[in-house]
Amino acid sequence: MGIPTSANAADTVVAVSDLTRVYGHRRAADGVSFAVGRGEIYGIIGPNGSGKTTSIECVQGLRVPTSGTIRVLGLDPATQRGALRHRIGSQLQESALPDRLRVWEALDLFATLSPKSRDWRGLARDWGLWESRSTAFADLSGGQRQRLFVALALVNEPEVVFLDEMTTGLDPSARHAAWELVGEVRDRGATVVLVTHFMDEAEALCDRIAVFRDGRVLAIDTPAGLVQRFAGESTVQFTHEGDVPWLSACEGVSAVHRSGTHFAVRGEGPLLAHVAAALVAHGIAPLDLSVERPTLEQAYLRISEMEDRTP
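Just so it is clear, the model here is predicted, and its values are computed rather than measured.

Caption draft 1: Representation of the nonpolar core within the structure. Counting 51 residues, the largest nonpolar core has Trp127, Leu148 and Met166 as the members making the most contacts within it. Looking at this core, the element that brings in the most residues is helix α5 (residues 142–154), giving 7 residues. Beyond its immediate sequence surroundings of up to four residues, Leu148 is in contact with Leu97, Val103, Leu107, Leu129, Phe137 and Leu140.

Caption draft 2: Highlighting a nonpolar patch on the surface. On the surface, Leu109, Phe110 and Leu113 cluster together into a nonpolar patch covering about 270 Å² of accessible area. Along the polypeptide, Leu109 turns up in helix α3 (residues 103–113). Using a relative accessible area of 42% as the deciding quantity, one classes Leu109 as partly exposed.

Caption draft 3: Just the packing of aromatic side chains, in detail. Counted according to the given criterion, the structure contains 6 aromatic pairs. Measuring from ring centre to ring centre gives 5.6 Å for Phe34 and Tyr42, while their planes differ by 20°; the resulting arrangement is stacked. When sorted by exposure, Phe34 lands in the same class as Tyr42, which is buried. Taking 6.5 Å as the distance between ring centres and 65° as the angle between the ring planes, the aromatic pair formed by Phe34 and Phe212 counts as edge-to-face.

What counts, and where the lines are drawn
Counting restarts for each chain, with residues numbered from 1 along the sequence as it is written. Two thresholds apply to this predicted model, a pLDDT of at least 70 for residue-level local features and 80 or more for giving and counting side-chain atom pairs, whereas whole-chain, interface and lining totals are computed over all residues. Side-chain figures throughout are based on the complete set of non-hydrogen atoms in the structure, without hydrogens or water. As used here, the term nonpolar core means buried Ala, Val, Leu, Ile, Met, Phe, Trp, Tyr and Cys residues forming a set that is joined through side-chain atoms within 4.5 Å. In this scheme, a residue with accessible area under 20% of its type's maximum is buried, one over 50% is exposed, and one in between is partly exposed, where area comes from a 1.4 Å probe on protein chains only. Secondary structure elements follow DSSP: runs of H or I no shorter than four residues count as helices, runs of E no shorter than two count as strands, and numbering proceeds from the N terminus. Throughout, a residue-residue contact means that at least one pair of heavy atoms, one from each residue, lies within 4.5 Å. Every patch collects residues that have over 30% relative accessible area and no salt bridge, joining them within 9 Å if they carry like charges and within 5 Å if they are nonpolar side chains (Val, Leu, Ile, Met, Phe, Trp, Tyr). Per-residue accessibility takes into account occlusion by the displayed protein chains alone, with areas from the Shrake-Rupley method and a 1.4 Å probe. One speaks of a salt bridge when a side-chain nitrogen belonging to Lys or Arg is within 4 Å of a carboxyl oxygen belonging to Asp or Glu. Only Phe, Tyr and Trp rings take part, Trp by its six-membered ring, and two of them pair if their centres are within 6.5 Å. Stacked means planes under 30 degrees apart, edge-to-face means over 60, and tilted covers everything else.

This is the structure:
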C-alpha cells in the first residue's frame, strides 16, 4: 500500500520518521512514519497492542525510541522535553492523581505551573466538571476522570495536544459533547493528535488518519480517502416507474439493478451527485433518492484483512 506520510513541510508540527521501539524481542513500534500538519485533527487508529500508545508516548518524550527521528514543533522530545513541556498538552490513557486532590485543586495547580494558562473555571464548565469541582479524585466516576484529564491537557493553551482514548467511559451524549469541544480546541489554534479505537469518532473528527497494526503504519489518508480506497462502492437507491437505460453510462456507475420500481445504482466517487444530476437532466426527481456509503469501520476491517493475507 502506498502511504502518504507528509503534511505540507512548512506547516508540519509533528514529524516522525522510521520510529522503532523495542522491548526485549518485541517491536512495539516498527518503522513508524507520519507527519501532522498545523491545525489538523490527526487520528491514530488500530487494535490494542498495535503500537499507537507507544508511538505517541515517544512523540511526547515519555519514552525514548530505540531508533528513528522525531520532531515536535521543531524540537526533539527525547533531548528537549523541557523546552517542549509547556507547548504541548497530554491526556494519557493511563493516568492518576492523588486520591484526595479535588477537581478544582488539580486544575488550579496545573494552571499555576504553566506560564501561559487558560481560566480553569471555563474548562471545568466546558468539560462538565463544574458541578463536581469540589469532588476528590478518588470519588470521581471513570467518565469524570477522563474529562478531568482532558481539561488538564488543555489548561496550558497547548500548541499541540495529544488525546489518547479520550472518550473511553463516556456515555453517548458526553462523547458527542466531547467531539464538539475537540473541534473548538482546533478552532483556538491547536493541533490535535487523537488516538482512538472508535471508528465513528475518527470519522467524525479527523482530517487524516493513520492506521496502525503490529507496530507498523498500514495506511494514511483522509477518512473519505480510506473509505474510497479500501471499503468498496456506494449504493444510490430510488424508485421510478419507467426505465433508465442511460444511467449505466453515468460517471462512476459500475452497475444498475432494478427490482420492480426500485433501482439500486452501485459505483465509486461522488456517486450520489452524478446520479442525481443525470436523473434531473432527464426530468426525473425522485423524492426517495438516498445513498448508502461504506464506512471507515469497513475500510479498517478491509485493511486488516489485506494485512492478514500478506505472506
